[in-house]
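Breakdown of the fold
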Amino acid sequence: MITTGIVLRVAQSPVSLFVGTVLAGAGIAMGNVLMPAMIKRAFPSRLGSLTGLAMMLMAASGAIAAGLAVPLEEAGGWRLALAVWAVPSLVAALVWGPLAVRGRRAPTAPVTAPRAGGSLLRSPTAWFVTAFMGLASLMFYVLMSWLPEVMRDAGYPAATAGMMVSAMMIAGIPLGFLVPVFAARLRDQRPLVVAVAATMVVGLVGLLLAPSAGWTWVVILGIGTGSAFPLAFTLLSLRSPTPSAAASLSGMAQTGGYLLAGTGPLAVGVLHEATGGWNVPVALLLVLVVPEVVVGLLAARPGFVRPAGRRRRWSSRRPSGRPSPRAPADQEKSTASRSRTRACRTSRWCSAARSARCRPSSR
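Residues numbered from 1 in each chain as written. Predicted model: local features only at pLDDT ≥ 70, side-chain atom pairs only at ≥ 80, totals over all residues. Heavy atoms only, no water.

Secondary structure assignment for the protein yields 12 helices and zero strands. Going from the N terminus to the C terminus, the protein shows its helices and strands as α-α-α-α-α-α-α-α-α-α-α-α. When burial is assessed residue by residue, the protein has 33% of its 363 residues classed as buried. For the protein, the share of sequence-separated contacts (at least 6 apart) that also reach a separation of at least 24 residues comes to 77%. Element-wise, carbon and sulfur atoms account for 66% of the exposed surface of the protein, whose accessible area totals about 21800 Å². (Helix = DSSP H or I, 4+ residues; strand = E, 2+ residues; numbered from the N terminus. Buried < 20%, exposed > 50% of the residue type's maximum accessible area, 1.4 Å probe, protein only. Contact = heavy atoms within 4.5 Å. Areas by Shrake-Rupley, 256 points an atom, 1.4 Å probe, with all protein chains shown as cover.)

Spelled out as structure tokens, the structure:
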């Protein structure tokens with residue numbers, strides 16, 4: 001889907017441009033959703049290292065694509081700048097295609113883990129993970145969109161402001177690998193949530209009070225944003241008991257999280273236009289750190305998501321296995337009754353068997 005979408009975007013037709021964008025975006029979304037489930041299924045003992053490798057490659061590829069966009073456009077036009085990214089997606093399709101076919105043909109071992117019925121929409125932990133991913137992504141999207149403008153209004157040249165955004169992304173590349181590794185080794189990931197929040201507070205307060213030291217705050221913010229999203233992505237696997245649960249949680253968290261994150265750049269832009277400065281928008285980001293910490297601490301608690309099954313209708317009968325308040329007498333009566341029933345059934349069966357043996361043959 002990604003390769004087809006990129007190829008369609010190169011065509012001159014506006015329809016193919018929009019269709020290709022939808023296909024490429026859908027392919028990327030499906031890959032992001034399925035990645036935690038694939039890691040959980042194929043490498044359950046290496047969740048941290050494999051998730052970290054994926055996060056690091058995603059951050060590095062994004063930085064490489066941003067750096068090569070202008071040189072490729074200058075060398076061969078915008079079509080070359082778009083079409084060149086069909087090559088890595090095609091290579092990935094050629095590698096994963098045979099593996100997918102082989103996986104469908106291979107016999108699957110019986111699943112011993114209990115199935116969790118119901119919807120994750122009723123799971124509080126799933127909502128905490130969704131909110132944490134949404135707020136972490138919101139911080140990153142806002143800073144990526146508006147940090148150059150903030151730095152330009154603070155007195156930095158446009159080229160320097162653009163380099164600051166690149167520095168923020170580069171600072172998060174090694175953390176994309178290290179944070180999932182540490183998170184997977186910890187039984188409780190709440191200390192990492194606190195550390196990420198503290199880093200974001202330092203960077204935002206510095207940006208608000210002393211924008212002249214912009215490089216320092218940009219690096220600190222790069223550490224914060226570069227740690228928050230990999231941590232949220234790792235929680236998708238750590239809070240899922242099975243690969244199917246990881247896929248469900250990933251779909252829910254990324255859908256709801258990105259919808260929440262998409263409102264961030266627009267809201268900050270509206271606030272900037274309304275106030276004429278960046279103090280209020282940056283202060284808003286600082287306030288949003290509070291709910292990010294709260295939902296992050298709740299999402300990072302040890303345990304798994306617990307989907308809620310269908311609600312049972314009210315019944316006057318007591319659930320099996322729970323003793324009645326009149327347990328001693330009732331249990332004795334019920335035990336005697338069951339014993340008499342079994343004795344009667346045995347007696348009838350024995351009588352029928354004796355009569356069958358004594359019955360003369362018809363031959």
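Picking up after the structure, the text goes on.
Applying the stated rule across the entire model yields one salt bridge. Here D188 and R190 are joined by a salt bridge, their closest N and O atoms 2.6 Å apart. Exposure remark for R190: the relative accessible area of 31% places this residue in the partly exposed category. (Salt bridge = Lys/Arg side-chain N within 4 Å of Asp/Glu carboxyl O.)

What follows covers the nonpolar core. Membership of the largest hydrophobic core comes to 29 residues, with the highest contact counts inside it found for F132, M133, L231, L236 and L249. When contributions to this core are tallied by element, the ones reaching two or more residues are α3 (47-76), α6 (124-153), α7 (158-185), α8 (190-209), α9 (214-238), α10 (243-275) and α11 (279-299). By size, the runner-up hydrophobic cluster in this structure holds 24 residues, among which are L143, Y156, V268 and V282. (Core = buried A, V, L, I, M, F, W, Y, C linked by side-chain atoms within 4.5 Å.)

In this section: the side chain of S89. Relative to the helices and strands, S89 is located in helix α5 (residues 86-105). S89 has contacts with I2, T3 and I6, leaving out every residue within four places of it along the chain.

As a further point, take the side chain of N32. Within the fold, N32 resides in helix α2 (residues 14-42). For N32, a relative accessible area of 15% gives the class buried. Each residue touching N32, except ones within four places of it in the same chain, is listed here: M58, F233, S250 and Q254.

The interhelical angle for the contact between α8 and α9, taken along N-to-C directions, is 150°, at an axis separation of 8 Å. In terms of their interaxial angle, α8 and α9 are classed as roughly antiparallel. As for how α8 packs across α9, the hand of that crossing is left-handed. Where α8 abuts α9, its residues L192, V193, V196, T199, M200, V202, G203, L204, G206 and L207 lie against W217, I220, L221, I223, G224, T225, S227, A228 and L231. Partitioned by chemical class, the residues of the contact of α8 with α9 number 13 nonpolar, six polar and no charged. (Axes fitted to C-alpha atoms, helices over the stretch in contact; angles between N-to-C directions. Parallel < 35°, antiparallel > 145°, perpendicular 65-115°, else oblique. Left-handed = near helix turned anticlockwise from the far one by under 90°. Nonpolar A, V, L, I, M, F, W, Y, C, P; charged D, E, K, R; others polar.)

All told, the structure shown has three aromatic pairs when counted by the stated rule. Ring geometry for F140 versus Y141: centroids 6.2 Å apart, planes at 55°, classification tilted. The exposure class of Y141 is partly exposed, given its relative accessible area of 32%. Seen from their ring centres, F229 and F233 are 5.9 Å apart, and the 45° between their planes marks the pair as tilted. Separated by four residues within a single helix, F229 and F233 lie in helix α9, roughly one turn from each other. Neither F229 nor F233 differs from the other in exposure class; each is buried. (Phe/Tyr/Trp six-rings, centres within 6.5 Å; stacked < 30°, edge-to-face > 60°.)

Let us now look at a nonpolar patch on the surface. On the surface, a nonpolar cluster with roughly 850 Å² of combined accessible area is contributed by M1, M30, L34, M38, V87, V91, V95, W96 and L99. Of all the elements, α5 adds the most residues to the nonpolar patch, at five residues. (Patch = residues over 30% accessible without salt bridge, like charges linked within 9 Å, V, L, I, M, F, W, Y side chains within 5 Å.)

Another aspect to go through is the confidence of the model for the protein. In this model, the protein carries an average pLDDT of 80, and 80% of its residues clear a pLDDT of 70 or more. Note that pLDDT drops below 50 for residues 109-116; the model gives that stretch two contacts with residues more than four away or on any other chain. Scored below 50 in pLDDT, residues 352-363 shows zero contacts in the model against residues more than four places distant or in partner chains. (pLDDT = per-residue confidence, 0-100.)

It is worth spelling out α10 at this point. If you check α10, its first and last C-alpha atoms are 47 Å apart, about what 33 residues at 1.5 Å a residue would give, namely 48 Å. Directly beyond the C-terminal end of α10, a positive phi value near 75° is found at G276. (Expected span 1.5 Å × (residues − 1).)

Running from N to C, α6 and α11 point in directions that differ by 150°, and their axes come no closer than 8 Å. Between α6 and α11, the angle falls in the class roughly antiparallel. The handedness of the crossing between α6 and α11 comes out as left-handed. Facing α6, whose interface residues are F128, V129, A131, F132, L135, A136, L138, M139, V142 and L143, α11 presents L285, L288, V289, P291, E292, V295, G296, L298 and A299.

Between its first and last C-alpha atoms α3 spans 41 Å; for 30 residues at 1.5 Å apiece the expected length is 44 Å, and the two agree. Along its length, α3 reaches its greatest deviation from straightness, about 35°, at L68, and the proline P71 lies no more than four positions downstream. Listed in full, the buried residues belonging to α3 are L47, G48, L50, T51, G52, A54, M55 and L72. The elements touched by buried residues of α3 are α2, α4 (78-83), α7 and α9. G77 sits one or two residues past α3 and shows a positive phi near 95°. (Bend = angle between axes of the 7 residues up to and from the residue.)

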